[in-house]
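Residue-level listing of the chains:
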Amino acid sequence: MSGGILFEAIIFLAGAVICVPLAKKLGLSSVIGYLLAGMLIGPYILGFVGQEGQDILEFAEFGVVVMLFIIGLEIKPSSFWEMRKLVIGMGSIQVFGTMLLTYGILYLAGVDWKIALTSAMAVSLSSTAITLQTNKEKGLMETTYGTSSFSILLFQDIIVIVMLGVLPLLSNVSDATTASEGGHGGHVSLLDDLPLGLQALAILLSIAIIIVAGRYLIVPMLRLVARSKVRELLVASALLIVVGISFLMELVGLSPALGAFLGGVVLATSEFKHELESTLDPFKGLLLGLFFMAVGASINFIVIAENPLLITGLVVGVILVKAIILLITGLAFKLKLDQRLLLIVGLAQIGEFAFVLLSFAFQLNIFEREQLDIMLVVTALTMTITPVLWIVNERLILPRKGTKEQEKRPMDDIQSSHKVLLIGFGHFGSTVGRFLRAHGIKTTVLDLDSNRVDFLRKMGFEVFYGDANRMDLLESAGIAEADYLICAIDNPELVRRIVKKVKDKYPHIKLLVRARNRYDAYELHNMGIDHIYRESLDTSVKMASDVLHFMGFDREATDEQAAKFIQLDVDSLKRLAVSPKDEKEYIFRARKEIAQQEELLNSDLHMGSSSLGGKRS
């Protein structure tokens, strides 16, 4: 059935609108909803989308590119350099270990060595889209597992360049035929006819162009666009940056996703970092959803029906092989058992770049059509099974095999000495926890990173391991008897879910909640939270106060002014939180609030000029 692009758009959007809320209602990941929607509307069930599913998949992979650009924006070059040992160490063990084991099994099974090697390359890759999306939804990006999985995925995105370069050496067709068919998965590369040395030089030159352009071309362009004050131009500029970098990478035969990631890292220190993130985030979410639906639609149920045992065996075999290597990788880097389990369920699938790799291998005549169809189905099925593995791990395995909770003290002890419950012990939460501990306040801490949990226990904290979004875990940690709940998690969506549950069931508890920025604080205020702590407010005001002191103002007076400024800003936030969402109205009211704050502070400054002493001569 086909009715043109508008009909297909309606079908895709309707599938997402129906299936994703249903999946979330059942407590499942949104990824499952998208995959299910794709399967239903695909050519093998309802038939709303025909055989053009592969073309949709290629377009939808742009969502992965946008996602990696945004991830790059979140990484400072200095911190990226600090991760190099994890990226190279964990990545090489996972990729080459998986390739070696897969190749050995296939070769011993009598598979041609070229097919075995190509299949091993594909199997070694994992899905960046699924893993990072799941990590973000579950608030795992800052955990030991989150850092480890990202390092492995980054190494895979880099090594796929080498794999695409190696495949022509395995080709069963002539170089002329390969060139005529497009090379590199159907993408034309300007470097195909150049010697290897010049190809390497051109690739390095392309990367250098991205770095230089980021600083001396893109940032000045964004400044010009920003001065025009036309928001849609900024949206167009953000998309132009991502599409332009991706196009350049394809021209030289590199991964567009890797290029986009590099572009993001280059712009991570620019003043437009947050604006680019917020501008591209809706596109990323929409395109990733389309990508997952396209994967679901690409599952060929006819091939499954013709080879059920073979495909089942291959899917199980792939997951087991990757599980073994990921387990070894986790052991080599001393991850705790629950972190290793997360690594296995997070990366045990075959990734989206395998579609490109396998299609290129088919063009090079390494695979026959039937072999390609089987490998594509196995790839899509492993991606589809991943969210199910997460559920099994969270509900059946981790409660039994994960980091054990400490034995709970008798109820009267908890009542008398555990009035404070602290959720999250990262950079923000650890400061809170250490300060309370220094003043003799015993605090029960909840954290989802078992490595942190062990460290905290050595320091004497009573720690519970697990997802604070689970009410049963909060209750086992003594929330019913606590007076204060400190939520220090760096995940606004998860914070809102926890806060809502606690407010509904335990209204007596005083909630003190971390907010990433002013806009998160608006939402928390509208939920009825009175004690909101923005990450940068106190620190930035303290910095400004220090500047005044260094310029000669009296320290005590500037501290008083800083305290007044914070109070005025908090009061202003409460008023603006209930203002209309219309941007013009918000800007008008915000400017009015700022003017009033400055007027009040100036008035205080002049009234207390004798104590401030103005500037010292």
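Shown above is the structure to which this text applies.
Bear in mind that the values here come from a model prediction, so they are computed numbers and not experimental data.

Caption draft 1: Representation of the packing of helix α6 (residues 84-108) against helix α9 (residues 144-166). Contact pair α6 / α9: the axes reach a minimum separation of 8 Å and the direction vectors enclose 60°. The way α6 lies across α9 gives a crossing that is right-handed. Between α6, through Leu86, Val87, Ile88, Met90, Gly91, Ser92, Gln94, Val95, Phe96 and Met99, and α9, the contact on the second element is made entirely by Thr147, Ser148, Ser151, Ile152, Leu154, Phe155, Gln156, Ile159 and Met163. Along the lines of polarity and charge, the residues of the contact of α6 with α9 split into 12 nonpolar, 7 polar and no charged.

Caption draft 2: Structural detail: unusual backbone geometry. The backbone phi angle of Lys334 is positive, close to 60°, even though this residue is not glycine. Along the chain, Lys334 turns up in the loop between α16 (308-332) and α17 (337-347). Of note, Asn365 is a non-glycine position whose phi angle comes to about 70°, a positive value. With respect to the helices and strands, the residue Asn365 is situated in the loop between α18 (353-363) and α19 (369-401).

Caption draft 3: Representation of the pairing of strand β2 (residues 443-447) in the model. Of all 5 residues in β2, 5 are buried; the element is thus mostly enclosed. Along β2, one buried face is formed by Thr443, Val445 and Asp447 and the opposite face, lined by Thr444 and Leu446, is buried too. Pairing of strand β1 (residues 420-423) with β2 involves 4 bridges; the strand directions are parallel. Note on β2: the bridge partner recorded for Val420 is Thr443. In this view, the connection linking β1 to its parallel neighbour β2 by way of helix α21 (residues 427-438) has right-handed handedness.

Caption draft 4: Region of the structure containing the side chain of Thr128. Along the polypeptide, Thr128 turns up in helix α8 (residues 128-137). Non-local contacts of Thr128, meaning those with residues more than four positions away in its chain, are made with Met67, Leu68, Gln133, Leu153, Asp157 and Glu352.

Caption draft 5: Molecular detail of a nonpolar patch on the surface. Residues Leu36, Leu40, Ile45 and Leu46 make up a contiguous nonpolar surface patch of roughly 320 Å² in combined accessible area. By the element assignment, Leu36 lies in helix α2 (residues 30-41).

Caption draft 6: The nonpolar core, seen in detail. With 125 residues, the main nonpolar core has Leu167 and Phe292 as its most contacted residues. With sequence-adjacent residues up to four places away left out, Phe292 is seen in contact with Val31, Tyr34, Leu35, Ala129, Ile130 and Gln133. Of all hydrophobic cores here, the second largest spans 29 residues; its members include Phe464, Leu473, Ile498 and Val499.

Each value, and the rule that gives it
- Residues numbered from 1 in each chain as written.
- Predicted model: local features only at pLDDT ≥ 70, side-chain atom pairs only at ≥ 80, totals over all residues.
- Heavy atoms only, no water.
- Axes fitted to C-alpha atoms, helices over the stretch in contact; angles between N-to-C directions.
- Helix = DSSP H or I, 4+ residues; strand = E, 2+ residues; numbered from the N terminus.
- Left-handed = near helix turned anticlockwise from the far one by under 90°.
- Contact = heavy atoms within 4.5 Å.
- Nonpolar A, V, L, I, M, F, W, Y, C, P; charged D, E, K, R; others polar.
- Buried < 20%, exposed > 50% of the residue type's maximum accessible area, 1.4 Å probe, protein only.
- Pairing = 2+ DSSP bridges.
- Right-handed = clockwise from strand over helix to strand, strands pointing away.
- Patch = residues over 30% accessible without salt bridge, like charges linked within 9 Å, V, L, I, M, F, W, Y side chains within 5 Å.
- Areas by Shrake-Rupley, 256 points an atom, 1.4 Å probe, with all protein chains shown as cover.
- Salt bridge = Lys/Arg side-chain N within 4 Å of Asp/Glu carboxyl O.
- Core = buried A, V, L, I, M, F, W, Y, C linked by side-chain atoms within 4.5 Å.

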